[in-house]
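Fold and geometry: a report
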Amino acid sequence: MRLSAISPAIAPVFTPAARLIRLIAPSIFLSFFVAGTAIAQEFPSKPITIVVTYPAGGGADLMARMVAPKMSATLKQPVIVENRPGASGQIAASMVAKAAPDGYTLMLDASSYAVNPSLFAKLPYDTDKAFTPIGVTALFPNVLVSTAGYPVKSVADVIALAKKQPGAIGYASSGNGSAQHLAGALFELQAKVDMLHVPYKGGGPALIDVIGGQVPFFFANVASSLQHIKGGKLQALAVTSSKRSAILPDVPTIAEAGVPGYQVYEWNVIVAPAGTPAPVLTKLAAALRVALDAPDVRERIAGLGGEVFSGGTPESVKFLHEQTAIWSKVVKDRGIKPE
């Protein structure tokens, strides 16, 4: 069969409308290309807002306010931080998902970004389709602490006690599905123990009760618990990072203390609405990188027990996919439900 010609029976029929489309299609494509280039060249021409999914004064808010002035200096426009807390980040996320994809409305979220898709049966947005990541900012380990004087000295002691009294040894958290809860749930899975999760309305009340002895264990934020550890009110048993913390160098990791492969961080990510032009995303990612590489920002993050995320946008996307997969399994296996 010869392929050099098309049979009249199957040849396309070029109507006047079809001919018109063939004529104007290249012009349409060119106009979109030119418009996209112009937008990227002009961006930013007005203030940019970073919507934070948590209240003012918390870790996510602190991170946003650390990078915003640095990004502003690079982009030559004000970068405003706006707090929209509530519903485990869903209020802010819903708002940003509906925002114009022009780079002027961004969102800074925490681990809820990777947890919510599996924790909630239905979200008012599809995380994968609604947002485009710009970059993860920093990683902060938790530290497994116990009430001072509680009769354990190591992770091995915790595991032995939990196996001796299954379902009876409590660990506090700042709420169902919180970072501390998930750190404990992963510990239960990987250490093959069953413990008693005791949720609180925030990390502060949980920390107070662990100090007071009402609940013996807590996967605490390093920054908020450090003064109590140094003051002898809490006993630090292990950190949740892959390597020891520079501000708690004598405290082993949970992995080296008896649970191989265990690794948990609290983290923040900045995302834009899906459909934001690639050149705009590139400018925003570059500004974020400059902010995170600033010596004072790095020093502040290190002082809080964290480390700046070393990768760019591709590495951030990979990290988010990995986190989503990990917490999906934990939520399913431990039967975790939202409050």
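Residues numbered from 1 in each chain as written. Predicted model: local features only at pLDDT ≥ 70, side-chain atom pairs only at ≥ 80, totals over all residues. Heavy atoms only, no water.

Some words on the layout of surface pockets
- As a volume, the largest pocket reaches approximately 1,200 Å³.
- Taken together, 47 residues make up the lining of the largest pocket; nearest its centre are Tyr54, Gly59, Ser174, Gln180 and Glu266.
- Mapped onto the lining of the largest pocket, the elements with two or more residues apiece are α2 (59-75), α4 (112-119), α7 (179-191), α8 (203-212), β7 (217-221), α9 (222-230) and β9 (265-273).
- By residue number, the principal contributor to the lining of the largest pocket is α2, which donates five residues. (1 Å grid on protein atoms, 1.4 Å probe; cavity = no way out; pocket = protein on both sides within 12 Å on 5 of 7 lines; lining within 4 Å. Points joined across faces, edges and corners; volume = space filled by probe spheres on them. Helix = DSSP H or I, 4+ residues; strand = E, 2+ residues; numbered from the N terminus.)

Topic: the packing of aromatic side chains
- Going through the model one piece at a time under the given rule, you end up with nine aromatic pairs.
- Clustering of aromatic rings is evident, with ring pairs tying together Tyr171, Phe187, Phe219 and Tyr262.
- Above the face of the tyrosine 104 ring, lysine 46 is positioned so that its terminal group lies 4.7 Å from the ring centre. (Phe/Tyr/Trp six-rings, centres within 6.5 Å; stacked < 30°, edge-to-face > 60°. Lys NZ or Arg CZ within 6 Å of the ring centre and 35° of its normal.)

Considering the pairing of strand β2 (residues 79-83)
- Direction of pairing for strand β1 (residues 48-52) relative to β2: parallel, over a ladder of five bridges. Bridge pairing in β2 links valine 52 to asparagine 83.
- Regarding topology, α2 serves as the crossover connection from β1 to the parallel β2, and that connection is right-handed. (Pairing = 2+ DSSP bridges. Right-handed = clockwise from strand over helix to strand, strands pointing away.)

Notes on empty space enclosed by the protein
- By the definition in use, this model includes two cavities of 30 Å³ or more.
- There is about 50 Å³ of room inside the largest cavity.
- Within the residue set of the lining of the largest cavity, elements represented by two or more residues are α3 (90-97), β3 (105-109) and α4.
- For the lining of the largest cavity, the leading source of residues is α4, giving three residues.
- In this structure, the second largest cavity spans a volume of roughly 40 Å³.

Section: the confidence of the model for the chain
- Averaged over the chain, the pLDDT score is 90; the fraction of residues at 70 or greater is 88%.
- Low pLDDT, under 50, characterises residues 1-14; the stretch is placed with three contacts to residues that sit more than four places away or in other chains. (pLDDT = per-residue confidence, 0-100. Contact = heavy atoms within 4.5 Å.)

Regarding the nonpolar core
- Within the largest apolar cluster, 52 residues are counted, with the highest numbers of intra-cluster contacts made by Phe131, Phe187, Met195, Phe217, Ile254, Tyr262 and Trp267.
- When residues no more than four places from it in sequence are discounted, the contact partners of isoleucine 254 are Leu144, Val155, Phe187, Phe219, Ala238, Val239, Thr240, Val259 and Tyr262.
- Ranked by size, the runner-up nonpolar core spans 34 residues in total, among them Val81, Ala287, Leu288 and Val308. (Core = buried A, V, L, I, M, F, W, Y, C linked by side-chain atoms within 4.5 Å. Buried < 20%, exposed > 50% of the residue type's maximum accessible area, 1.4 Å probe, protein only.)

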